[in-house]
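Structural overview
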Amino acid sequence: PKTPKTQNPNFIINNLKKDVIKQNSLLNYIDTFENSPLFESITVEKWWLLFDEWSRDDNLYIVKKWLLSVEKYTSTERTDTKQLATLKTGDFLWEASLDKWSNKKEALIKAIEKTEVIAIDAKNDLKKFIEENPTIGYELLKHIITETNKRLLESNKIITLVYFIYIIIFCMYYKKLSLYSFA
């Protein structure tokens, strides 16, 4: 049987690319970022690491093309990981590099497909870029603040939900309550 067009992986990926470009304001400025000597282009081969957990650098990264996996080690041997998020074209990462005291990575970043990113040294070059390109610099910072806020709100929802589930389980176990007690 023939696969319907809407289930074809290439159709899905191409439409995802179009949606990402429409939704992500950073992609409007990608040429400016790439043409600036302050940004560096980096290609990460499939399954290679962009950086490892606990490594150090001061770069702010923008995903130019494809996908990255954000993962955390779950074993002290650093052999097992848990995926925390997927970053797609137009996403940024390592916004903590904007903080002058923070340069230690809290997760590892691995390419799911061959991925292109651009990077700028947030501690030394970002201010110069913003001074040279104030409108685009403003849009970059606005995007980082807005998206970081969305990520924080989503994390808060998850933490609250997990806490609520924990309380229900705790009460059911120790108080021998049924779920109907909460209705």
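Higher on the page you've got the structure.
The text that follows walks through the structure, step by step, so that each part is easy to find. (Residues numbered from 1 in each chain as written. Predicted model: local features only at pLDDT ≥ 70, side-chain atom pairs only at ≥ 80, totals over all residues. Heavy atoms only, no water.)

A short note on the sheet that holds strand 8 (residues 115-121)
- Strand order in the open sheet formed by four strands is 1-8-3-6, and the pairing between neighbours is antiparallel. The two strands at the open ends of the sheet, each matched to only one other strand, are strand 1 (39-44) and strand 6 (92-93).
- Sheet topology places strand 3 (residues 59-65) next to strand 8; six bridges connect them, and they run antiparallel. Looking at strand 8, one finds that Tyr61 is bridged to Ala119. (Pairing = 2+ DSSP bridges. Helix = DSSP H or I, 4+ residues; strand = E, 2+ residues; numbered from the N terminus.)

Here's the deal with unusual backbone geometry
- Of note, the phi angle at Trp47 is positive, near 75 degrees, even though the residue is not glycine.
- As for its position among the elements, Trp47 is in the loop between strand 1 and strand 2 (49-51).
- Of note, Trp66 is a non-glycine position whose phi angle comes to about 90 degrees, a positive value.
- Looking at the element boundaries, Trp66 is found in the loop between strand 3 and strand 4 (68-73).
- Since its relative accessible area comes to 23%, Trp66 is described here as partly exposed. (Buried < 20%, exposed > 50% of the residue type's maximum accessible area, 1.4 Å probe, protein only.)

A word on the side chain of Lys105
- You can see Lys105 is positioned in the loop between strand 6 and strand 7 (108-111).
- Among the polar contacts made by the side chain of Lys105, one reaches the side chain of Asp57 at a distance of 2.7 Å.
- Aside from chain neighbours lying at most four places away, what touches Lys105 is Phe51, Asp52, Glu53, Trp54, Ser55, Asp57, Asn59, Tyr61 and Trp94. (Polar contact = N/O pair within 3.5 Å; in protein donor to acceptor, adjacent residues only side chain to side chain. Contact = heavy atoms within 4.5 Å.)

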